[in-house]
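Close look at the chain arrangement
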Amino acid sequence: MHRSAPRLTRILACAAVPVMLVVAGCSSDSGDGKPEGSGSSASPTPEAKKTPKVAPAKFTKLPDPCESIARKTIKDLVPGAKSGSAGRSSDAGSRGSCSWNGLDDNGVKGSQYRWLDVSFLRYDSDATLAVSGEQRAKDNYAKEIAKTQATEGAKDVKSSPAPGIGSEATTVNYTLKKTGENFVYAVIVARTENGLVTLTYNGTGYAGAKNPSSEDLTKDALQAAKEAVASVATANK
């Protein structure tokens with residue numbers, strides 16, 4: 001009776017071995033070589049997004065608007081005009097403008113009034129939007145033409161290509177009545193790479209003088225526009 005107790009103890013000890021192995025097996029790894037709870041289910045770190053390459057803007061400067069058209073041209077187009085009047089700009093490297101006006105007074109034979117304005121816009125490339133300065137200029141070129149064509153009060157609006165000026169150019173002609181007189185307009189909208197040039201030339205006759213013809217006004221405006229566009233490239237040499 002006393003000798004059976006040690007034997008019973010040995011039997012119970014052996015019986016406990018499989019249980020311990022089962023418990024150990026439950027707490028072991030899943031067979032992938034990584035212990036439970038080691039973060040094996042975490043997703044891999046995503047690759048950083050690559051910034052798309054955008055062509056740099058060709059032009060980085062703008063000319064002095066009041067020096068963009070030759071003085072002789074100003075004298076011919078705007079009789080009696082003095083120095084140009086520069087428009088205000090918070091960023092001369094991206095936008096600028098200048099205007100001239102003059103009156104050729106012929107007494108009882110009447111007078112001729114002329115007004116000339118040139119404005120410049122320059123667009124930089126934007127890597128965050130994946131758009132080049134040239135593309136931005138193209139988009140705004142189309143918008144500027146549409147804006148000119150929609151001038152409030154404009155009549156007999158006509159548009160035509162203006163070849164030979166910059167990368168692309170368009171002429172918009174119309175008449176506009178103001179201060180009791182009919183003014184004849186010729187507007188040249190031109191793009192040169194990532195730059196935009198808009199030249200507006202208008203005139204009227206006072207005291208019985210005839211108004212300038214649209215053809216003559218346009219011819220002069222195209223000449224001035226060529227000089228203004230060329231000045232952008234000159235400023236960036």
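Residues numbered from 1 in each chain as written. Predicted model: local features only at pLDDT ≥ 70, side-chain atom pairs only at ≥ 80, totals over all residues. Heavy atoms only, no water.

**Some details on the overall build of the protein chain**
If you tally the helices and strands in the protein chain, you get four helices and seven strands. Considering the protein chain as a whole, with its 237 residues, one finds that 34% of them fall into the buried category. (Helix = DSSP H or I, 4+ residues; strand = E, 2+ residues; numbered from the N terminus. Buried < 20%, exposed > 50% of the residue type's maximum accessible area, 1.4 Å probe, protein only.)

**A few points about the side chain of Arg 122**
For Arg 122, the position within the fold is in strand E3 (residues 111-122). For Arg 122, a relative accessible area of 11% puts it in the buried group. Among the polar contacts made by the side chain of Arg 122, one reaches the main-chain carbonyl oxygen of Gly 93 at a distance of 2.7 Å. Only 2.5 Å separates the side chain of Arg 122 from the side chain of Asp 124, close enough to count as a polar contact. Beyond its immediate chain neighbours, meaning those up to four positions away, Arg 122 contacts Phe 59, Thr 60, Lys 61, Leu 62, Gly 93, Ser 94, Asn 194 and Gly 195. (Polar contact = N/O pair within 3.5 Å; in protein donor to acceptor, adjacent residues only side chain to side chain. Contact = heavy atoms within 4.5 Å.)

**Re the confidence of the model for the protein chain**
Overall, the prediction assigns the protein chain a mean pLDDT of 85, with 78% of residues at 70 or greater. pLDDT under 50 marks residues 1-9. Its contacts with residues more than four places away, or in other chains, come to zero contacts. For the stretch residues 11-40, pLDDT sits under 50, and the model shows four contacts to residues farther than four places along the chain or on other chains. (pLDDT = per-residue confidence, 0-100.)

**Describing the state of the cysteines**
Using the criterion set out here, one finds one disulfide in the structure. Covalent S-S linkage joins Cys 66 and Cys 98, the inter-sulfur distance amounting to 2.1 Å. Residues Cys 66 and Cys 98 are joined by a disulfide whose S-S torsion is about 100°; by sign, that bridge is right-handed. With Cys 66 in the loop between helix H1 (4-26) and helix H2 (71-77) and Cys 98 in strand E2 (residues 95-105), the pair connects residues that are 32 residues apart, well separated along the chain. One exposure class covers both Cys 66 and Cys 98, and it is buried. (Disulfide = S-S within 2.5 Å.)

**Examining the packing of aromatic side chains**
Scanning the entire structure with this criterion turns up three aromatic pairs. Considering the side-chain rings of Tyr 113 and Phe 183, the 6.2 Å spacing of their centres and the 85° angle between planes classify their relative orientation as edge-to-face. Of this pair, Tyr 113 sits in strand E3 while Phe 183 sits in strand E6 (residues 181-192), placing them 70 residues apart in sequence. On the basis of relative accessible area, Phe 183 is assigned to the buried category, the value being 3%. Both rings, one in Tyr 174 and one in Tyr 185, keep their centres 4.7 Å apart while their planes meet at 15°; by these two values the pair is stacked. Residue Tyr 174 is located in strand E5 (residues 168-178), and its partner Tyr 185 is located in strand E6; the two are separated by 11 residues in the primary sequence. Through pairs of rings, three or more aromatic residues link up here, namely Tyr 113, Phe 183 and Tyr 206. We note Lys 178 situated over the ring of Phe 183; from NZ or CZ to the ring centre the distance is 4.7 Å. (Phe/Tyr/Trp six-rings, centres within 6.5 Å; stacked < 30°, edge-to-face > 60°. Lys NZ or Arg CZ within 6 Å of the ring centre and 35° of its normal.)

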